[in-house]
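# Descriptive structure summary
The chain contents come next:
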Amino acid sequence: MASPSPLKRNKASQQYCYYEGFLEKRSPEDKDFIKYWAALRGNTIFFHSNGRSIEYVEKLELDMFQSLVDDNSKDANQKNVRMTLKLQNKTVKLKVASFETKELWKGFILAVTKLEVPTNLALLPGQIHRLTEVVNEEKERLSKLTSSLPPSPTPSSKPATSKKTVTQSKDTNTSLPQCFYRVSRLEAEALLERHANQGNMVLRPAGDNSGVAVSTCQKVKGTPEYKHYKIRTITNGYIIDIEPQVFCKTLQEVVEYFVVNTNGTLVPLFMDTEYENNIYRFTF
């Protein structure tokens, strides 16, 4: 497989740099681990060919984070320094040089994805203090990200809330379905939990401000299970970033795809107009 073309760092990628160091990565398409200089900026890991490079060769967005656990298999030196990073659209293997470095990477990744300091890692007091700062900085970054989005006009009427789910409208590539809300990933989860009787799926801005995402909540053995799907914007429509990828002409079709392909199990969340006024929905 050909190596990706180097991509220049943009201004946003240089802000909120929480941690960096050597990190080996093996994606499903890789035969072996590849060593990079990696930097965690916001909730994205940027991979550079070396520490002095001003360009990154690829990036790993953590917006669809599911879990990060130890990989108990050992390397050639009998060191347990591997991790498995599971996202909704892929699983990546990571490897570092020492147990201490592994705990640090885990700490920082969990801090930006969970927005809380992990309590089950072997870290020093100063490192725990730094993770506390990172959680606060990431919350600040997300707050600035959502507050920078312009609000849309308040809808004139409340849409019907049925398992047919999708109200018919003259949709275009730039219009937003009624289940779109300007909230973060964690805020979307809280919204779905509080209003589970009204719907279990919302559209929201993606964590890196590159487009939108779908957040869903379904109960598994009585416990809410949240999933997040990134929707990439292209010239003539949208790509649902799953395997295999799904093309939709409009965001309304994105909503319909999830409804139809779950046989109506997923229902868009339509809020009362009074509540919507406090959510500050927007248009692109």
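Residues numbered from 1 in each chain as written. Predicted model: local features only at pLDDT ≥ 70, side-chain atom pairs only at ≥ 80, totals over all residues. Heavy atoms only, no water.

### Focus on the side chain of Arg 141
In this structure, Arg 141 sits in helix α2 (residues 125-147). By relative accessible area, which is 15% here, Arg 141 ends up buried. Once you skip the residues sitting within four places of it in the chain, Arg 141 turns out to touch Tyr 16, Tyr 18, Gly 42, Asn 43 and Gly 207. (Helix = DSSP H or I, 4+ residues; strand = E, 2+ residues; numbered from the N terminus. Buried < 20%, exposed > 50% of the residue type's maximum accessible area, 1.4 Å probe, protein only. Contact = heavy atoms within 4.5 Å.)

### Here we look at the pattern of salt bridges
What the rule picks out here adds up to 13 salt bridges. Lys 95 serves as the salt-bridge partner of Glu 24, at 3.8 Å between the closest nitrogen and oxygen. Here the residue Glu 24 occupies a position in strand β2 (residues 17-26), and Lys 95 occupies one in strand β9 (residues 91-95), the gap between them amounting to 71 residues. Glu 24 gets classed as partly exposed once you look at its relative accessible area, which sits at 21%. Assessed through its relative accessible area of 14%, Lys 95 is described here as buried. Beyond isolated ion pairs, a larger network of salt bridges with shared partners links Asp 70, Lys 102, Glu 103 and Lys 106. (Salt bridge = Lys/Arg side-chain N within 4 Å of Asp/Glu carboxyl O.)

### A closer look at the confidence of the model for the protein chain
Low-pLDDT stretches of the model should not have their predicted coordinates read in fine detail. Here the protein chain averages 79 in pLDDT, and 76% of its residues register 70 or above. Ignoring residues within four places in sequence, the model shows residues 1-13, a span with pLDDT below 50, making 20 contacts including any to other chains. This model gives residues 148-173 a pLDDT under 50, and the stretch forms 53 contacts once residues within four places in sequence are excluded. (pLDDT = per-residue confidence, 0-100.)

### Here's the deal with the sheet that holds β2
Spatial strand order, β6-β4-β3-β2-β9-β8-β7: seven strands in an open sheet with antiparallel pairing. Both edges of this open sheet fall to β6 (58-61) and β7 (65-71), since each of them pairs with a single strand only. Across the sheet, the mean angle separating the axes of adjacent strands is 35 degrees when strand polarity is ignored. For strand β8 (residues 82-87) and β9, the ladder comprises five bridges, and the chain directions are antiparallel. Bridged to Leu 85 within β9 is Val 92. Most of the contacts of helix α1 (residues 99-114) go to β2, to which it runs at about 115 degrees, and overall it touches β2, β3 (34-41), β4 (44-48), β7 and β8. (Pairing = 2+ DSSP bridges. Axes fitted to C-alpha atoms, helices over the stretch in contact; angles between N-to-C directions.)

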